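Below are the chains, spelled out letter by letter.
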Amino acid sequence: MHVVIMAGGKGTRIASVASDIPKPMIPVCGKPILEHEIECLKAQGLTEITLIVGHLGHIITEHFKDGSAFGVKIDYIVEDTPLGTAGALVYLKERITEDFLLLNGDIIFDVDFHRFLQYHKEHGGVATILTHPNNHPYDSGVIMADKDGVVTRWLHKEDERTYYKNRVNAGIHILSPEVFRFFDEVKKVDLDREILKVLIPERKLIAYDSPEYIKDMGTPERYQMVIRDIESGLVRAKNLSQKQKAVFLDRDGTINVYKGFICNINEIELIDGVAEAIAKLNESGYLAIIVTNQPVIARGECTFEEVEQMHEKIETLLGEKGAFVDDIFYCPHHTDKGFEGERPELKFDCDCRKPKPGMLIQAAEKYNIDLSQSYMIGDGMNDVEAGRRAGCTSILLGGNADVICRQNLLEAVDYILNQK
Ligand SMILES: [Zn+2]
């Protein structure tokens with residue numbers, strides 16, 4: 001797969017770190033950001049690279065030359081006048097005839113690109129964008145997609161929103177050569193607004209959700225955090241080709257205040273300290289995954305859409321406090337029949353309703369999780385039992401059974417993070 005890296009752009013917002021070099025050349029742990037990117041690509045056999053350079057581009061060409069010193073083959077497109085985030089692709093129109101990877105040159109990541117490419121091919125989009133939750137969704141654009149990953153809406157920072165899933169474009173894309181139909185002449189093109197968003201009504205823009213490590217360094221704080229994460233090995237460890245560890249979280253009574261069966265979104269209210277606890281997990285390298293029984297769907301008291309809106313509210317409230325969950329699994333099933341308005345197709349003895357471990361096992365398959373290195377935290381014995389059956393360590397909140405008990409999620413997370 002050919003790789004195109006957008007390596008123009010100035011490092012304006014972190015000018016205190018480096019001012020007279022292009023942003024991709026800002027040093028992180030002794031080498032430029034772009035060199036970290038190229039090493040990650042090379043490690044996965046992605047060695048055909050085109051760098052698009054502009055402002056102060058000679059600093060980049062002098063460092064990387066033809067790429068041979070870095071084990072890859074690099075050529076360059078030099079923009080005399082800035083062509084926006086995609087205009088330079090016009091120069092590749094005749095050359096690229098297969099799916100290719102398009103990256104921003106100013107982000108630190110470690111992504112399993114083979115997994116990403118396979119997803120792109122299975123979903124048949126003209127473009128697949130890598131999306132992920134971040135700790136500042138309220139000032140990020142957010143992407144909405146249906147259950148098949150087809151993007152349905154793209155909200156920019158300034159667009160109004162109430163509750164939304166924390167899903168942000170990470171700046172890593174796989175494009176099919178069909179995308180060159182947008183490029184006929186040399187002119188400025190904005191990738192997001194003039195190419196990707198245009199594909200939405202055609203249902204040809206796909207989102208690929210990944211919990212892998214991808215960060216830009218827009219602020220000095222984020223820059224320092226990335227350095228810490230490279231040095232601790234976290235960036236590498238979160239590549240999905242490596243075994244992951246997770247903390248599975250019950251929902252009602254663990255994350256949001258327990259109010260019996262919740263059927264009304266207004267009843268969703270975060271417990272104090274929960275966002276703080278989950279933010280700690282986010283920085284620790286554990287995936288944070290909600291697994292919740294929602295028999296209200298089978299009982300006909302709530303629709304799938306209503307439950308998902310509640311989850312959007314939970315993600316929004318967490319996001320406002322800098323925390324996110326990596327995924328949410330819910331069981332809509334129930335066995336007891338006889339409720340008015342119930343949905344017979346969901347009334348059966350499924351494998352996912354806790355205390356069965358089905359949701360944890362599904363998550364383990366999806367994210368390559370080592371369950372023996374993972375935890376289940378909840379306020380009920382069905383949580384403890386689901387965790388035990390999946391091979392995780394379980395923590396019961398507020399209880400006094402023969403298991404590890406902590407009073408609340410924050411104390412449970414502190415317990416986990418102090419294990420090493
Ligand atoms: Zn189920």
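On a predicted model such as this, the values are computed, not experimentally measured, just so you know. (Residues numbered from 1 in each chain as written. Predicted model: local features only at pLDDT ≥ 70, side-chain atom pairs only at ≥ 80, totals over all residues. Heavy atoms only, no water.)

*Asks:* It is not clear to me how the overall build of the protein should be interpreted in this structure. Could you clarify?
*Replies:* The helix and strand inventory of the protein stands at 11 helices and 19 strands. Whereas a compact globule of 420 residues would reach a radius of gyration of roughly 22 Å, the protein reaches 23 Å, a difference of no more than 12%. Considering only C-alpha atoms, the protein reaches an extent of 70 × 45 × 35 Å along its principal axes. In the protein, 71% of the contacts between residues at least 6 apart in sequence involve partners at least 24 apart. A total of about 18,400 Å² of accessible surface is found on the protein, and carbon and sulfur atoms cover 47% of it. Computed over 48 positive and 66 negative side-chain charges, the separation of the two mean positions in the protein equals 1 Å. (Helix = DSSP H or I, 4+ residues; strand = E, 2+ residues; numbered from the N terminus. Rg over C-alpha atoms; globule rule 2.2 N^0.38 Å. Contact = heavy atoms within 4.5 Å. Areas by Shrake-Rupley, 256 points an atom, 1.4 Å probe, with all protein chains shown as cover. Lys, Arg positive; Asp, Glu negative; His and termini not counted. Charge placed at Lys NZ, Arg CZ, Asp CG, Glu CD.)

*Asks:* Where do I start with the pattern of salt bridges in this structure?
*Replies:* Close approach of charged atoms allows side chains of opposite charge to pair. Applying the stated criterion to the full structure yields 25 salt bridges. Measuring nitrogen to oxygen at the nearest pair gives 3.0 Å for the salt bridge that ties E39 to K31. Judged by its relative accessible area of 37%, E39 falls in the partly exposed class. The class of K31 is partly exposed, set by a relative accessible area of 23%. A salt bridge links K354 to D383, with the shortest nitrogen-to-oxygen separation between them at 2.8 Å. Here the residue K354 occupies a position in the loop between β16 (327–331) and α9 (358–367), and D383 occupies one in helix α10 (residues 381–390), the gap between them amounting to 29 residues. Here K354 matches D383 in class, with each residue buried. A single network of salt bridges, built from pairs that share partners, joins D250, K354 and D383. (Salt bridge = Lys/Arg side-chain N within 4 Å of Asp/Glu carboxyl O. Buried < 20%, exposed > 50% of the residue type's maximum accessible area, 1.4 Å probe, protein only.)

*Asks:* Before we go on, may I ask you to explain the coordination of the zinc ion in this structure?
*Replies:* Donor atoms from the polypeptide that coordinate the zinc ion comprise C331 (SG), H333 (ND1), C350 (SG) and C352 (SG), at 2.0 to 2.3 Å from the metal. For the zinc ion, the four donor atoms in the first shell make angles of 101 to 118 degrees at the metal, a pattern classed as tetrahedral. For the zinc ion, the donor residues sit on a single chain with the sequence spacing C-x1-H-x16-C-x1-C. In this structure, C350 and C352 share a single accessibility class: buried. (Donors = N, O, S within 2.8 Å, 3.2 Å for Na, K, Ca; no water. Tetrahedral: all angles 85-135°; square planar, octahedral: opposite > 155°, others 65-115°.)

*Asks:* Explanation requested: the packing of aromatic side chains in the structure shown.
*Replies:* Enumeration over the complete set of coordinates arrives at eight aromatic pairs. Summarising the aromatic geometry, the rings of F109 and F113 are spaced 5.8 Å apart at their centres and angled 90 degrees between planes, so their arrangement reads as edge-to-face. The same class applies to F109 and to F113, which are both buried. Between the aromatic rings of F304 and Y330, the centroid separation amounts to 6.2 Å while the plane-to-plane angle is 50 degrees, which identifies the pairing as tilted. Placement of F304 in helix α8 (residues 304–320) and of Y330 in strand β16 is noted, with a sequence separation of 26 residues between them. (Phe/Tyr/Trp six-rings, centres within 6.5 Å; stacked < 30°, edge-to-face > 60°.)

*Asks:* Could you clarify how one ought to interpret the environment of Q44 in this entry?
*Replies:* Examined against the element boundaries, Q44 turns out to sit in the loop between α1 (33–43) and β4 (48–53). At a separation of 2.6 Å, a polar atom in the side chain of Q44 contacts the main-chain carbonyl oxygen of V111. (Polar contact = N/O pair within 3.5 Å; in protein donor to acceptor, adjacent residues only side chain to side chain.)

*Asks:* Is there a simple way to think about the pairing of strand β12 (residues 205–209) in this case?
*Replies:* Regular strands place their side chains on alternate faces of the sheet. Across the five residues that make up β12, a large majority, four, are buried. The sheet contact formed by strand β8 (residues 127–132) and β12 spans five bridges and is parallel. By the bridge assignment, T128 is partnered in β12 with I206. (Pairing = 2+ DSSP bridges.)

*Asks:* What should I look at first to understand helix α5 (residues 220–231) in this one?
*Replies:* Each turn of an α-helix holds 3.6 residues, which means side chains three or four residues apart point in the same direction. Between its first and last C-alpha atoms α5 spans 17 Å; for 12 residues at 1.5 Å apiece the expected length is 16 Å, and the two agree. For α5, every residue scored as buried is listed here: R222, Y223, M225, V226, I227 and D229. The inward-facing, buried residues of α5 abut β2 (27–28), β7 (107–110), β13 (213–216), α6 (234–237) and α7 (274–284). In the stretch just after α5, G233 is the one whose phi turns positive, near 90 degrees. (Expected span 1.5 Å × (residues − 1).)

*Asks:* Which parts of the structure should I look at to understand the pairing of β7?
*Replies:* Neither face of β7 is exposed, since I107 and F109 on one face and I108 and D110 on the opposite face are all buried. Alignment of β7 against β13, held across four bridges, turns out to be antiparallel. Each residue of the ladder has a partner; that of I108, found in β13, is K215.

*Asks:* Explain the nonpolar core here, please?
*Replies:* The tendency in soluble globular proteins is for nonpolar side chains to be buried as a group. In this structure, V247, L249, I255, I278, L318, I377 and L409 are the most contacted members of the largest nonpolar core, which totals 38 residues. Secondary structure elements with two or more residues in this core: β14 (246–249), α7, β15 (287–293), α8, β16, β17 (375–378), β18 (393–397) and α11 (409–417). Per-element accounting of this core gives the leading share, six residues, to α7. If sequence neighbours within four positions are ignored, L409 has contacts with L249, T254, I255, V274, A277, I278, I377 and L397. Counting residues in each nonpolar core, the second largest holds 33 residues, with L41, L46, L51 and I214 among its members. (Core = buried A, V, L, I, M, F, W, Y, C linked by side-chain atoms within 4.5 Å.)

*Asks:* Is there a simple way to explain the side chain of H311 in this structure?
*Replies:* The residue H311 is located in helix α8 in this model. In this structure H311 comes out as buried when scored by relative accessible area, which is 5%. Of note is the side chain of H311, whose polar atom sits 3.0 Å from the side chain of R251. If near-sequence neighbours (up to four positions away) are discounted, H311 is found in contact with R251, T292, I328 and Y330.

*Asks:* In this structure, what is going on with the domain arrangement of the protein? I would like to understand it.
*Replies:* Often, the extent of an interface is quoted as the loss of accessible area on bringing the components together. We note that the domain assignment places domain 1 (2–222) and domain 2 (243–417) within the protein. Once you take the C-alpha centre of each, domain 1 and domain 2 turn out to be 33 Å apart. Counting from both sides, the interface comprises 12 residues of domain 1 and, opposite them, 15 residues of domain 2. For the pair domain 1 and domain 2, the two sides together bury roughly 1,200 Å², of which 60% comes from carbon and sulfur. At the junction of domain 1 and domain 2, the tally comes to one salt bridge. Ionic pairing is found between E315 and K165, a salt bridge with its closest N-O pair at 3.4 Å. (Domains from an automatic or database assignment. Buried area = accessible area lost by both parts, 1.4 Å probe.)

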